[in-house]
Amino acid sequence: MNDLLLSIKDASVILDGKTVLSDVSLDIKRGDYIGIIGPNGGGKTTLVKLMIGLLRPDKGKLEYFIPHGTGQSKIGYLPQVHGFDNKFPISVQDVILSGISGNRRLISRHTAAEKEKAVHWMEKLGIIRLASNPIGKLSGGEMQRVFLCRSLISEPELLILDEPDTYVDNSFERELYEELRELNNHMAIVLVSHDVGTITYYIKSIACVNKELHYHASNVITEKQLASYNCPVQI
């Protein structure tokens, strides 16, 4: 079995005439748990969009070794969650079911097995009591749990999370990282975070992104190493 899930080679991304990522390379393999760090505006979110297929490189190569995009995608994605229109008439369970690849037009078309998967993840993440609640009425931590369930329901081989610790309390943050550690036994994880000090306890390696990308094959990193990678973030 090929352990490689996704490969980026010498890729550059240009947006509005500006080079946002320059000649970045990164291989993601089964079992990886990579922390993506870097300054604001350094290209972290652009890198995520590249990995999930929302962007294509203007130069270089992006290659997938697992299904992605429409259909039976094996890439789960948890975006930055800032809130939700509290008047939007959709329940927690419906949001989670929308993560099934090849979404149906009507929620009622989901099979019993798919609904059981939704229940499984809601129970696992402690939000089963919220199943019928409107999504717009949830707290930040509850909403993160919902969207994490949504990203997991299609049983991905690669899970990508863009700053999931934003807008959540410290209690849920700890629960989240412990849950991700367990999930890493079954899937590769890429975690974007500004909290270097916290994530280094959980991740296995680090990618420092500031227009360029420097891969650090360890979860232990020093201020001196960060400076050598042109990655001005504090530990």
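The rules behind these values
- Here the residue numbering is sequential within each chain, running from 1 through the sequence in written order.
- With pLDDT at 70 or above as the cut-off, local features in this predicted model cover only qualifying residues; side-chain atom pairs require 80 or more to be listed or tallied, and sums for whole chains, interfaces and linings still use all residues.
- As a convention, hydrogens and water are excluded, and side-chain values are obtained from all of the structure's heavy atoms.
- How sure the predictor is of each residue is captured by pLDDT, a score from 0 to 100.
- We call two residues in contact whenever any of their non-hydrogen atoms come within 4.5 Å of each other.
- Two strands form a pair only when DSSP identifies at least two bridges running between them.
- What counts as a helix is a DSSP run of H or I of at least four residues, what counts as a strand is a run of E of at least two, and both are numbered from the N terminus.
- To obtain an axis, a line is fitted to C-alpha atoms, over the contacting stretch when the element is a helix, and the angle between two such axes runs from 0 to 180 degrees between their N-to-C directions.

## Some thoughts on the confidence of the model for the protein
Across the protein, the average pLDDT comes to 89, with 91% of residues at 70 or higher. Taken together, the stretch residues 103-107 has pLDDT below 50 and engages in nine contacts with residues farther than four places along the chain or on a different chain.

## Thoughts on the sheet that holds strand 6 (residues 158-162)
Judged by pairing direction, the sheet is mixed, and its six strands sit side by side in the order 5-6-7-3-8-9 without closing on themselves. The open sheet terminates on both sides in strands that have one partner only, identified here as strand 5 (75-78) and strand 9 (212-216). Along the sheet, successive strands turn relative to each other by an average axial angle of 15°, direction set aside. Taken together, the five bridges between strand 8 (residues 205-210) and strand 9 define a ladder with antiparallel strand orientation. Its bridge partner lying in strand 9, Asn 210 is registered against Glu 212. Sheet strands touched by helix 4 (residues 140-152): strand 5 and strand 6. Its angle to strand 5, the strand with the most contacts, is close to 165°.

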